[in-house]
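# Working through the structure, step by step
Read off the chains here:
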Amino acid sequence: MSLGQRVSSDHQLARLLQIGVVLEEVVESRAAHHLETLPPSEQAAVDEAVRELLTEAAEESAEHRERLEALIDDLDAETVAYEEINALVDAQYGPPEDTDGVLYDQLANEETAYKFYDDLIDAIEASDAEYAIDRDRLLETLYDIREEEKEGVEEVTEIMEHRA
């Protein structure tokens, strides 16, 4: 996903932050459902590192969502409720077939989120627009979230390497 342009207005910024919220809601929902939807034969094969990874991923995404929603509130915009996205995720995505599928899905989620925030930061930094929210606070929040997504990619990769 590439933004390919500058973020030139509060409206555009709010829409992009809303996309970030939806992305975090999808990641949160999928991480929370992965263990529940594995076949019983795979449940026993999931080690503590994978369980901890998914729990932390869901908690981290919820925290990211709340931080993004605070920025969106300051722009006087609204977000999509987590419950709506959770219902869509339940209807759209089938359960993973095994632990490796869970890990690959989680890695894709983390990489997608990292790339989104990286592109969003670039688009904001490329713009000289003035926003209704403090630019430093906005960028600091996005830098922090991007760094946490990068750490998530590294954590999933490490678990996958140890399982190989």
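Let us look at the structure shown here. This one's a predicted model, so the numbers in the text were calculated from it and none came from an experiment.

## Things to note about the pattern of salt bridges
For the structure shown, the criterion picks out nine salt bridges. One salt bridge in this structure joins E63 and R67, with 3.4 Å as the shortest N-O distance. Taken together, the residues E63 and R67, both in helix α3 (residues 48-74) and four residues apart, mark about one turn of the helix. Assessed through its relative accessible area of 22%, R67 is described here as partly exposed.

## Focus on the packing of α3 against helix α5 (residues 99-125)
Where α3 meets α5, the axes come as close as 12 Å, and the angle between the chain directions of the two elements is 25 degrees. Of the possible angle classes, the one that applies to α3 and α5 is roughly parallel. In terms of crossing hand, the pair formed by α3 and α5 is left-handed. Residue-level contacts link V50, L53, L54, A57, E60 and L68 of α3 to T99, V102, L103, Q106, E110 and Y117 of α5. For the contact of α3 with α5, the residue count by class is eight nonpolar, two polar and two charged.

## A closer look at the side chain of T141
Turning to its location among the elements, T141 is positioned in helix α6 (residues 135-163). Judged by its relative accessible area of 11%, T141 is buried. In this structure, T141 is in contact with R67 and L71, ignoring residues within four places of it in sequence.

## As for the nonpolar core
The biggest cluster of nonpolar side chains holds 26 residues, and the ones touching the most others in it are L13, L17, I124, L138 and L142. Residue assignment for this core shows that the elements contributing at least two residues are α1 (10-37), α3, α5 and α6. In terms of residue count, the dominant contributor to this core is α5 (seven residues). When neighbours within four sequence positions are excluded, L142 is seen to be in contact with L17, L68, Y117, L120, I121 and I124. Counting residues in hydrophobic clusters, the runner-up holds 16 residues, among them A31, L53, V102 and V156.

## Side note on the side chain of S127
For S127, the position within the fold is in the loop between α5 and α6. In terms of polar contacts, S127 uses its side chain to reach the backbone carbonyl oxygen of V7, at 2.7 Å.

## Some remarks on α1
Compared with an ideal rise of 1.5 Å per residue, which puts 28 residues at 40 Å, α1 spans 40 Å between its outermost C-alpha atoms and is within 8% of the ideal. Within α1, 20 of the 28 residues are buried, leaving the element largely enclosed by the surrounding structure.

## What to know about the packing of α1 against α3
Running from amino to carboxyl end, α1 crosses α3 at an angle of 160 degrees, the nearest separation of the two axes being 8 Å. Taken as axis vectors, α1 and α3 run roughly antiparallel relative to one another. By crossing handedness, the relation of α1 to α3 is classed as left-handed. Along the lines of polarity and charge, the residues of the contact of α1 with α3 split into 14 nonpolar, five polar and six charged.

Definitions and limits used
Residues numbered from 1 in each chain as written. Predicted model: local features only at pLDDT ≥ 70, side-chain atom pairs only at ≥ 80, totals over all residues. Heavy atoms only, no water. Salt bridge = Lys/Arg side-chain N within 4 Å of Asp/Glu carboxyl O. Helix = DSSP H or I, 4+ residues; strand = E, 2+ residues; numbered from the N terminus. Buried < 20%, exposed > 50% of the residue type's maximum accessible area, 1.4 Å probe, protein only. Axes fitted to C-alpha atoms, helices over the stretch in contact; angles between N-to-C directions. Parallel < 35°, antiparallel > 145°, perpendicular 65-115°, else oblique. Left-handed = near helix turned anticlockwise from the far one by under 90°. Contact = heavy atoms within 4.5 Å. Nonpolar A, V, L, I, M, F, W, Y, C, P; charged D, E, K, R; others polar. Core = buried A, V, L, I, M, F, W, Y, C linked by side-chain atoms within 4.5 Å. Polar contact = N/O pair within 3.5 Å; in protein donor to acceptor, adjacent residues only side chain to side chain. Expected span 1.5 Å × (residues − 1).

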